[in-house]
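# Understanding the architecture of this molecule
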Protein chains: 2
Amino acid sequence: MKERMDQIKKELHAQSYKLTPQREATVEVLLENEEDHLSAEDVYLLVKEKAPEIGLATVYRTLELLNELEIVDKINFGDGVSRYDLRKEGADHSHHHLVCIHCGSVSEIEEDLLGDVEKKVERDWAFKIKDHRLTFHGVCVNCQTEHEASDEAPTLKAAHP
Amino acid sequence: MKERMDQIKKELHAQSYKLTPQREATVEVLLENEEDHLSAEDVYLLVKEKAPEIGLATVYRTLELLNELEIVDKINFGDGVSRYDLRKEGADHSHHHLVCIHCGSVSEIEEDLLGDVEKKVERDWAFKIKDHRLTFHGVCVNCQTEHEASDEAPTLKAAHP
DNA sequence: GTCCTTGCAAAAGGTTTGCACCAGG
DNA sequence: CCTGGTGCAAACCTTTTGCAAGGAC
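Throughout what follows, the structure given in this document is the object of discussion. Computed from a predicted model, the values in this text were never measured in an experiment.

### What to know about the protein's contact with DNA strand C
In the vicinity of DNA strand C lie 18 residues, with A:Tyr60, B:Thr20, B:Arg23, B:Thr58 and B:Arg61 positioned nearest. Looking at DNA strand C alone, sugar and phosphate atoms form 73% of those within 4 Å of the protein. B:Gln22 is positioned such that a nitrogen or oxygen atom in its side chain is 3.0 Å from a sugar or linking oxygen of DNA strand C. Measuring from a phosphate oxygen of DNA strand C, one finds a backbone N or O atom of B:Gly55 at 3.1 Å. Elements represented by at least two residues in the surface near DNA strand C include exactly α4 (56-68) of chain A together with α2 (21-32) and α4 (56-68) of chain B. With four residues, the top contributor of residues to the surface near DNA strand C is α4(A).

As structure tokens, then:
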């Protein structure tokens, strides 16, 4: 985790940005909640615990910066908020997601499943792919067994009714 | 196009919804701009030409209704607005998209490229897939040749700066 | 009459921006 | 100093909602 922070610090410096305390706290939160697909507001609340004086706007500005540097991916599951997902070390593309339509939980697929598909698209559609977004909507293991389950602890804050 | 409208009318009636003039005008607009990934505002402006008295709220309500009935897919390319994409006749899933990061154009892939991938996900992650969202971000044919091209006529209204 | 649907306006989020201020080279 | 970064509040935009009125059966 420490190494990751150093690496991010370098990437910032390489573009002549500073790793200010606010930015550091934000990155820490992202590192500590790597699996959680936090919204800007979520990040803000968590960062406030480390740096109570931080403003929401700074969090937005930091997340946007990290997104531009391709350190995080801004993703959208159609529930009205943007979520920010730290890229895996060295990954050159966004990973995939499984969104449960019952409990709202989101899990990740780190394995790249699109190698062949991307080759085909580049060949047949003459499109130069830089990145992708792949999300499956369906029913997670838990909700498949507990057929009526909707009282899970969802990773996603609130599935809109 | 006429048949499609009748089919949609039936689907509405099947759920005891009416095809009011406002709803019909909205569906017409979607049919006439099937390739265009319109936002609610876009749809509103176009519908106003046919039915000037319509309100924006009605357009939103109609689009939401059509989305629930799986007649349109609500999609999001990360530019801050939802776009509405008519499903192909009989399709049981959302089709794929190619978004050009230069000119903002969006084109569609109707062929389902995810058959094998979905099998693998259902098997290895025990996730019951109901639908998917797949979008590639990259450079379209036009922008690959005209290297500096950004003055294309974009299908997507405005790529946020 | 009853229920569905609509238009308008207001409200409700989420996100961005303007501006004064602060800190480090 | 000068610049980049920050906090606060206001502004902005998209989307949703409350409510009275209109229409079909």
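Back to the write-up after that little detour.
### Remarks on the relation of the copies chain A and chain B
Put simply, the second copy of the chain is the first one after a rotation about an axis and a shift along it. Expressed as a screw transformation, the operator carrying chain A onto chain B has a rotation angle of 180 degrees and an axial translation of 0.0 Å, and the superposed copies differ by an RMSD of 0.1 Å. A rotation of that kind, with that shift, is consistent with a two-fold axis. In terms of proximity to the rotation axis, the leading residue of chain A is A:Leu134, whose C-alpha is 2.3 Å off the axis.

### Considerations on the interface of chain A and chain B
Taken together, the contact pairs 32 residues of chain A with 32 residues of chain B. Taken together, the two surfaces of chain A and chain B that pack against each other cover about 2800 Å², and 72% of this comes from carbon and sulfur. The largest per-residue losses of area from chain A upon contact with chain B belong to A:Trp125, A:Phe127 and A:Phe136, which jointly make up 23% of the total buried on that side. Applying the counting criterion to the chain A and chain B interface returns two salt bridges. For B:Glu111, the salt bridge is made with A:Lys120, and the minimal N-O distance between the two is 3.5 Å. Taken together, the connections running from chain A to chain B amount to 10 residue pairs in polar contact (both at pLDDT 80 or more).

### Observations concerning the sheet that holds strand β1 (residues 38-39) of chain A
Residues and elements named next belong to chain A. What the three strands build is an open sheet, ordered β1-β3-β2; its pairing is antiparallel. Unpaired on one side and paired on the other, β1 and β2 (72-76) mark the two borders of the sheet. The sheet contact formed by β2 and strand β3 (residues 82-86) spans five bridges and is antiparallel. When the bridges of β3 are listed, Ile-75 appears paired with Arg-83.

### Digging into helix α1 (residues 2-14) of chain A
Residue and element names in this part refer to chain A. The end-to-end C-alpha distance of α1 is 18 Å, a good match for the 18 Å that 13 residues give at a rise of 1.5 Å each. Taken together, the buried positions of α1 are Arg-4, Met-5, Ile-8 and Leu-12. Here the buried residues of α1 occupy an arc of 100 degrees about the axis, which is enough to place them on one side. Counted as exposed and oriented over 90 degrees from the buried face of α1: Lys-2, Glu-3, Lys-10 and Ala-14. Buried residues belonging to α1 abut α2 (21-32), α4 and β3. Two residues or fewer after α1 comes Ser-16, characterised by a positive phi angle close to 50 degrees.

Analysis parameters
- Residues numbered from 1 in each chain as written.
- Chains lettered and ligands numbered in written order.
- Predicted model: local features only at pLDDT ≥ 70, side-chain atom pairs only at ≥ 80, totals over all residues.
- Heavy atoms only, no water.
- Near = heavy atom within 4 Å.
- Polar contact = N/O pair within 3.5 Å; in protein donor to acceptor, adjacent residues only side chain to side chain.
- Helix = DSSP H or I, 4+ residues; strand = E, 2+ residues; numbered from the N terminus.
- Least-squares fit on C-alpha atoms with pLDDT ≥ 70 in both.
- Contact = heavy atoms within 4.5 Å.
- Buried area = accessible area lost by both parts, 1.4 Å probe.
- Salt bridge = Lys/Arg side-chain N within 4 Å of Asp/Glu carboxyl O.
- Pairing = 2+ DSSP bridges.
- Expected span 1.5 Å × (residues − 1).
- Buried < 20%, exposed > 50% of the residue type's maximum accessible area, 1.4 Å probe, protein only.
- Arc of directions from axis to C-beta.

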